[in-house]
Amino acid sequence: MSTPLLEITGLGAGYGQSRVLWDIDLALAPGEVLALIGRNGVGKTTLLSAIAGSRPLSAGTLRLGGEDITTLSPHRRARAGIGLVPQGRHVFPQLSVMENLQAGLSALGPRARQAKVPQHIFDLFPKLWDIRDRAAGFLSGGEQQQLAIGRALAGEPRLLLLDEPTEGIQPNVVQQIEQALTHVRRELGMTILVVEQYLDFVWRFATRYAAMQNGRIVRTGSIAGESAADVAHLVHI
Amino acid sequence: MSGILVATQLFNGLSLASIYLLAALGLALSFGLMRVINMAHGELLMLGGYFAWGTLGLVPGPLGILVALPVAFLGSAAVGAVIETTLIRRLSARPLDTLLGTWGVSLILQQAARDLFGAIGVEVRAPDWLSGAWTLGGVTLPSARLFIMLVALAVLGALALLLRRSRLGLLVRAVNQDRMMASACGIDAGRVDLAVFCLGSGIAGMAGVMLALLGPVTPNVGQGYIVPAFLVVVMGGLGSILGTTVAALILGLFLALSQIFVDVSIAQMLMLVFVIVFIQFRPQGVAPARTRALDA
């Protein structure tokens, strides 16, 4: 097997004294789309934060493309190729849509100064071009979600981390986001780790799933081999 | 109450407001972005005054003061860089520690200036083109004060342009609005902090040059301006450039216009009461909520 793009070994993390994640082992091959599923509070978001660097690890190591990134600060991890679309989207509310995307270019490192927001982001989300001068804080949830994904893509990540991309979003926008992510996977060959409770949505474009319970990964499998309903039943979602 | 008196005090109020603004902008920047209460800010003003004195010693002549402005900007910014990297960065997890730490820096800088330049202070002679005065309808407008207003306007304009239009300004606003997310986008928030602190320190240095035009530069000249500068920042709505500007105007005009009726120490007391009452009714300051961030 080729070097995994992301390799997590024995990862533990928590908040102060309370441990939230235990012995997480997980590897993502290049181009793979892994759905991280489980009920509220099992540690899915904490795991994404630990990978992105906003939550320190208490144990274990992280490798990106074979390189140890365990001790890198969050902005260095972003520059190493990790793009984050966090829960609640976290667009910069008083920056315009265009400025949000320009902030996303920072992950390119020194190249960011000359870089322009690539056209393919507006091809993916035409709405963002129409509203490019609006303050991001005034956008609808769906528009903010598209912006957050576009902002992460502007940094040309190797690994895209998505936290509940369908949360609180109208069905027609969900469909658009699904198409965009499918495009990103097929055309850009991007590796994606997506946290999602809406299994029918991820089942349409993910390749593998990992289910969490009480801070541990309890089951992994291939999307093609199992139905969303069966897995949901097995892991009590 | 004559019209000329009111007009004179209006002018004095605007002049005072421009000094308050120059003194407060740097504080507003570092507080707005880093939540750092920089007690050494007054000493960065003081340093600017000494930079002006030193520059005019080396470059006499009418344009020395125009050379002193960039020299003081760079000099104070460099001192700010040292303070940020050696102290503030290491204490930033606990805001109260930075308050105490920078207070220590303030004392050290004051004593250093006393040892180096003497306790009495030094005199900066304004060039001839700044010593005169204009008269407009019976109101005397000293050139030095007009010059200070111009510099304050120019600094404000340049700062607004920097924050609104430059790449650095974009990064500063992003870090200010969501530090965690800015880091996740690849922005080095620590470097942005350093740049902002240097910028604020540099503006304080230029404010110090302006103070040198108004009176002698002494080791504790900054102390006289730090309290009004803090009042302006608090009233302006912690960290907003627009709010800081409006608050400087309100306080400058309040102080000058109240002196039509009362003497200067009563006027200062009234100003304090005014700020306290104002904050009771509008704790968020003059800036509207939407533009509270480091916006122009």
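Residues numbered from 1 in each chain as written. Chains lettered and ligands numbered in written order. Predicted model: local features only at pLDDT ≥ 70, side-chain atom pairs only at ≥ 80, totals over all residues.

(A) Geometry of the overall build of chain B. When you go through chain B residue by residue, the secondary structure sums to 11 helices and 2 strands. Moving toward the C terminus, one meets the helices and strands of chain B in the order α-α-α-α-β-β-α-α-α-α-α-α-α. In terms of C-alpha radius of gyration, chain B reaches 19 Å, essentially the compact-globule figure of 19 Å for 296 residues. Overall, chain B is about 60 × 50 × 35 Å in size when its C-alpha atoms are taken along their principal axes. Per-residue burial for chain B yields a buried fraction of 50% across its 296 residues. (Helix = DSSP H or I, 4+ residues; strand = E, 2+ residues; numbered from the N terminus. Rg over C-alpha atoms; globule rule 2.2 N^0.38 Å. Buried ≥ 20, exposed ≤ 12 C-beta atoms within 10 Å, placed from the backbone.)

(B) Structural context of the overall build of chain A. Along chain A, the regular secondary structure elements total 9 helices and 10 strands. A compact globule built from 237 residues should have a C-alpha radius of gyration of about 18 Å, and chain A, at 17 Å, falls within 12% of that. Overall, chain A is about 45 × 40 × 35 Å in size when its C-alpha atoms are taken along their principal axes. Considering chain A as a whole, with its 237 residues, one finds that 47% of them fall into the buried category. Here the contacts in chain A between residues at least 6 apart in sequence split such that 69% fall between residues at least 24 apart. (Contact = placed C-beta atoms within 7 Å.)

(C) Examining the sheet that holds strand E5 (residues 67-68) of chain A more closely. Residues and elements named next belong to chain A. Across the sheet, 4 strands lie side by side as E2-E1-E4-E5; this open sheet has antiparallel pairing. A single partner strand is all that each edge strand has here, and the edge strands are strand E2 (18-28) and E5. Bridging between strand E1 (residues 6-15) and strand E4 (residues 57-64) involves 6 bridges; their strand directions are antiparallel. Pairing of Leu-6 across the sheet is with Leu-64, part of E4. On the sheet, helix H1 (residues 44-52) packs against E1, E2 and E4 and is oriented at approximately 70 degrees with respect to E2. (Pairing = 2+ DSSP bridges. Axes fitted to C-alpha atoms, helices over the stretch in contact; angles between N-to-C directions.)

(D) A look at the environment of Gln-9 of chain B. Residue and element names in this part refer to chain B. Mapped onto the fold, Gln-9 is located in helix H1 (residues 3-34). For Gln-9, a count of 19 C-beta atoms within 10 Å puts it in the partly exposed group. What Gln-9 contacts, discounting residues up to four positions off in sequence, is Ala-256, Leu-257, Gln-259 and Ile-260.

(E) Looking closely at the sheet that holds strand E7 (residues 159-163) of chain A. All names here are of chain A. A sheet is described by the order of its strands in space; here 6 strands give the open sequence E6-E7-E8-E3-E9-E10, paired in mixed fashion. Strands with a single pairing partner mark the edges of an open sheet, and in this sheet they are strand E6 (82-85) and strand E10 (216-222). With strand direction ignored, the average angle separating the axes of adjacent strands in the sheet is 15 degrees. When strand E9 (residues 208-213) meets E10, the two strands line up antiparallel, connected through 6 bridges. By the bridge assignment, Met-212 is partnered in E10 with Ile-217. Set on the sheet, helix H6 (residues 141-154) makes contact with E6 and E7; between it and E6 the angle comes to about 170 degrees.

(F) The arrangement of the confidence of the model for chain B in detail. Residue and element names in this part refer to chain B. Summing up the model confidence of chain B, the mean pLDDT is 91 and the portion of residues at 70 or higher is 96%. Counting contacts from residues 289-293, a segment whose pLDDT is below 50, to residues more than four positions away or on other chains yields 11 contacts. The complex prediction reports pTM at 0.92, with the ipTM value standing at 0.94. (pLDDT = per-residue confidence, 0-100.)

(G) Layout of the packing of helix H5 (residues 143-165) of chain B against helix H8 (residues 189-214) of chain B. All names here are of chain B. Taken N-terminus to C-terminus, the directions of H5 and H8 make an angle of 170 degrees; their axes are 10 Å apart at the nearest point. Taken together, the axis directions place H5 and H8 in an arrangement best described as roughly antiparallel. Between H5 and H8, the contacting residues are Ala-144, Ile-148, Val-151 and Val-155 on the first element and Ile-203, Met-206, Met-210, Leu-213 and Leu-214 on the second. Across the contact of H5 with H8, the residue classes tally to 9 nonpolar, no polar and no charged. (Parallel < 35°, antiparallel > 145°, perpendicular 65-115°, else oblique. Nonpolar A, V, L, I, M, F, W, Y, C, P; charged D, E, K, R; others polar.)

(H) Molecular detail of the UniProt feature "domain: ABC transporter" (unreviewed entry) in chain A. The UniProt entry lists residues 6-237 of chain A under the feature "domain: ABC transporter" (unreviewed entry), expressed in the numbering used here. Secondary structure over residues 6-237 of chain A splits into 34% helix and 27% strand, and the C-alpha atoms at its two ends are 26 Å apart. (UniProt positions renumbered as here; feature names shortened; annotations may be inferred.)

(I) Representation of the nonpolar core within the structure. Formed by 165 residues in total, the largest nonpolar core has its most connected members in Leu-161 of chain A together with Tyr-20, Leu-22, Ala-24 and Met-206 of chain B. If near-sequence neighbours (up to four positions away) are discounted, Leu-22 of chain B is found in contact with Ala-152, Val-155, Ile-203, Met-206, Ala-207 and Met-210 of chain B. (Core = buried A, V, L, I, M, F, W, Y, C linked by C-beta atoms within 7 Å.)

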